[in-house]
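So you can see what is in the structure, the chains are spelled out below.
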Amino acid sequence: MEKWFNEIIDENVFDIGARTSIKIGKTLFEGQSEYQKLEIVETPKFGRMMILDDCVMLTDAHEYAYHEMMAHVPMFAHPKPEQVLIIGGGDGGTSREVLRHESVKRCVMVEIDGLVVEKSREFFPALTTGLDDPRMELRIEDGVKYMEDKVDTFDIIMVDSTDPVGPAEGLFSKDFYKKVYAALKPGGIVVAQAESPYYFQKTQRELFEVLREVYPYTALYLSAIPFYPSGTWSFAFASKQHREDSQPRWEDMKAMALELEYFNPEIYKACFALPNFVKRNLQF
Ligand code: SAM
């Protein structure tokens, strides 16, 4: 019998009523941590798939469309990113991309749920290659708490979180983004996964309301990610000083693009172009 995984965008919660449906095979792991339900399943076409609390996090086949875009856009917008912080990101994909950059001296990853890291190491070896890099500092703790006392420490902060419910709720608050601001060095940049511009417009408006109260510069960029609801996903970009067009390192981008699946200099330029409905929703 055929088995399908349905990610349901509940009409009672989001006023949407839609499903993303992916054909699946065997379940490789199913467990409940202190924070969330984790499932890892096989799919016939997309390799293994990770699901947290009934939401698809990634597939082996297309995870690059998320991780490359989360990491390389801010990394190349910055002249010399040395100190990088990832909040969440327990599957390892974002850290793998960050560590491709030779300028990086330290990459701290603060993931609340040790089970996600443990099972990613076991079932997603291609994503977790960076976790044993000597520049990596992995901490299993709440990202909100970790930010409490950090001042002038990081060049780039990436908020690679789940949706704004459960443990990730605090990662969308003004208080959190104020602490992120304090933790960034003067040329620092923060990026955060910012949901679907088609389905989650209210969440996006709320996030940008918060960001604009704290940061002098904000932008939004897009990626096409087939395993997320609506297939179009976005990332918020906020900074104290650098804009995406201030001094991007085009030559370095070109060189790294040879080893990547999605990101290249043309994508860097194009991903900040927004459809009118997105501009209107977020007042760009
Ligand atoms: N790419 C994904 C997406 O947008 O669907 C995100 C994947 S990543 C696995 C998200 C991670 O954020 C999860 O492993 C979750 O445990 C972690 N997370 C959620 N809240 C957190 C918090 N307060 N502090 C640190 N990590 C958190």
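Small disclaimer: the values here were computed from a predicted structure and weren't measured. (Residues numbered from 1 in each chain as written. Predicted model: local features only at pLDDT ≥ 70, side-chain atom pairs only at ≥ 80, totals over all residues. Heavy atoms only, no water.)

Around the ligand, a shell composed of 24 residues is seen, among which Gln 36, Glu 111, Asp 142, Gly 143 and Tyr 228 lie nearest. Asp 142 is positioned such that a nitrogen or oxygen atom in its side chain is 2.9 Å from a nitrogen atom of the ligand. Look at the ligand: alone it shows 600 Å² of surface, and the protein chains cover 99% of it. Those elements that provide at least two residues to the shell around the ligand are β6 (55-59) and β8 (106-111). Here the shell around the ligand is built from residues that sort into 11 nonpolar, seven polar and six charged. No fewer than three residues from each of domain 1 (3-59) and domain 2 (64-282) sit in the shell around the ligand. (Near = heavy atom within 4 Å. Polar contact = N/O pair within 3.5 Å; in protein donor to acceptor, adjacent residues only side chain to side chain. Areas by Shrake-Rupley, 256 points an atom, 1.4 Å probe, with all protein chains shown as cover. Helix = DSSP H or I, 4+ residues; strand = E, 2+ residues; numbered from the N terminus. Nonpolar A, V, L, I, M, F, W, Y, C, P; charged D, E, K, R; others polar. Domains from an automatic or database assignment.)

Attention now moves to the nonpolar core. Counting residues in each nonpolar core, the largest one holds 62 residues, and the members touching the most others are Val 73, Val 98, Met 158, Tyr 221 and Phe 237. Considering every element that reaches this core, the biggest residue donor is helix α2 (residues 64-77), with nine residues. A domain-level breakdown of this core finds at least three residues from each of domain 1 (3-59) and domain 2 (64-282). Of all hydrophobic cores here, the second largest spans 33 residues; its members include Val 110, Tyr 146, Ala 194 and Phe 208. (Core = buried A, V, L, I, M, F, W, Y, C linked by side-chain atoms within 4.5 Å. Buried < 20%, exposed > 50% of the residue type's maximum accessible area, 1.4 Å probe, protein only.)

The next point concerns helix α7 (residues 201-214). For α7, built from 14 residues, the straight-helix expectation of 20 Å at 1.5 Å per residue is met to within 8% by its first-to-last C-alpha distance of 20 Å. Residues of α7 that are buried include every one of Thr 203, Gln 204, Leu 207, Phe 208, Val 210, Leu 211 and Val 214, and no others. Down the axis, α7 shows its buried residues gathered within 160° of arc, on one side only. The exposed set on the far side of α7, more than 90 degrees from its buried face, consists of Lys 202 and Glu 209. (Expected span 1.5 Å × (residues − 1). Arc of directions from axis to C-beta.)

Those residues of helix α6 (residues 174-183) lying buried are Phe 176, Tyr 177, Lys 179, Val 180 and Ala 183. Taken around the axis of α6, the buried residues stretch over an arc of 155°, which confines them to a single face. Looking at the buried residues of α6, the elements they touch are β7 (83-88), α5 (143-146), β10 (154-160), β11 (184-193) and α7. (Contact = heavy atoms within 4.5 Å.)

Attention now moves to the sheet that holds β6. Taken in spatial order, the four strands line up as β3-β4-β5-β6 in an open sheet, and their pairing is antiparallel. Since the sheet does not close on itself, it has two edges, and those belong to β3 (27-32) and β6, each with one partner. Strand-to-strand, the axes of this sheet are offset by a mean angle of 20°, without reference to chain direction. Sheet analysis places β3 next to strand β4 (residues 37-43), joined by five bridges and oriented antiparallel. Following the sheet pairing, Gln 32 is matched in β4 by Lys 37. (Pairing = 2+ DSSP bridges. Axes fitted to C-alpha atoms, helices over the stretch in contact; angles between N-to-C directions.)

What the domain assignment lists for the chain is domain 1 (3-59) and domain 2 (64-282). With 24 residues of domain 1 at the interface, the matching set in domain 2 holds 20 residues. Interface area, domain 1 with domain 2, both sides summed: about 2100 Å², of which 75% is carbon and sulfur. It is Tyr 35, Arg 48 and Leu 58 in domain 1 that bury the most area against domain 2; as a group they hold 24% of the surface buried on that side. On the surface where domain 1 and domain 2 come into contact, there are zero salt bridges. Linking domain 1 to domain 2 there are four residue pairs in polar contact (both at pLDDT 80 or more). Taken together, the elements giving at least two residues each to the side of domain 1 that touches domain 2 come down to β1 (3-9), β2 (18-24), β3, β4, β5 (47-52) and β6. A total of five residues in the side of domain 1 that touches domain 2 trace back to one element, the largest contributor, which is β6. (Buried area = accessible area lost by both parts, 1.4 Å probe. Salt bridge = Lys/Arg side-chain N within 4 Å of Asp/Glu carboxyl O.)

So, on to the packing of aromatic side chains. The full count for this structure, using the stated rule, is 19 aromatic pairs. Aromatic pair Tyr 66 and Tyr 228: ring centres 5.7 Å apart, planes at 90°, arrangement edge-to-face. Here the residue Tyr 66 occupies a position in helix α2, and Tyr 228 occupies one in the loop between β12 (217-224) and β13 (232-239), the gap between them amounting to 162 residues. For the pair Trp 250 and Tyr 268, a centre-to-centre distance of 5.5 Å together with 85° between the ring planes defines the contact as edge-to-face. Remark: Tyr 268 occurs in helix α9 (residues 265-270) and Trp 250 occurs in helix α8 (residues 250-257); sequence separation between them is 18 residues. Look at Tyr 268 and you get buried, because its relative accessible area is 2%. (Phe/Tyr/Trp six-rings, centres within 6.5 Å; stacked < 30°, edge-to-face > 60°.)

Among the eight residues of β13, seven are classified as buried, and the element is accordingly described as predominantly covered. Pairing geometry for β11 and β13, over five bridges, is antiparallel. Within β13, the position partnered with Ile 189 by the bridge is Ser 239. Inspection of the sheet shows β12 paired to β13 by eight bridges, in the antiparallel sense. Looking at β13, one finds that Leu 222 is bridged to Ser 234.

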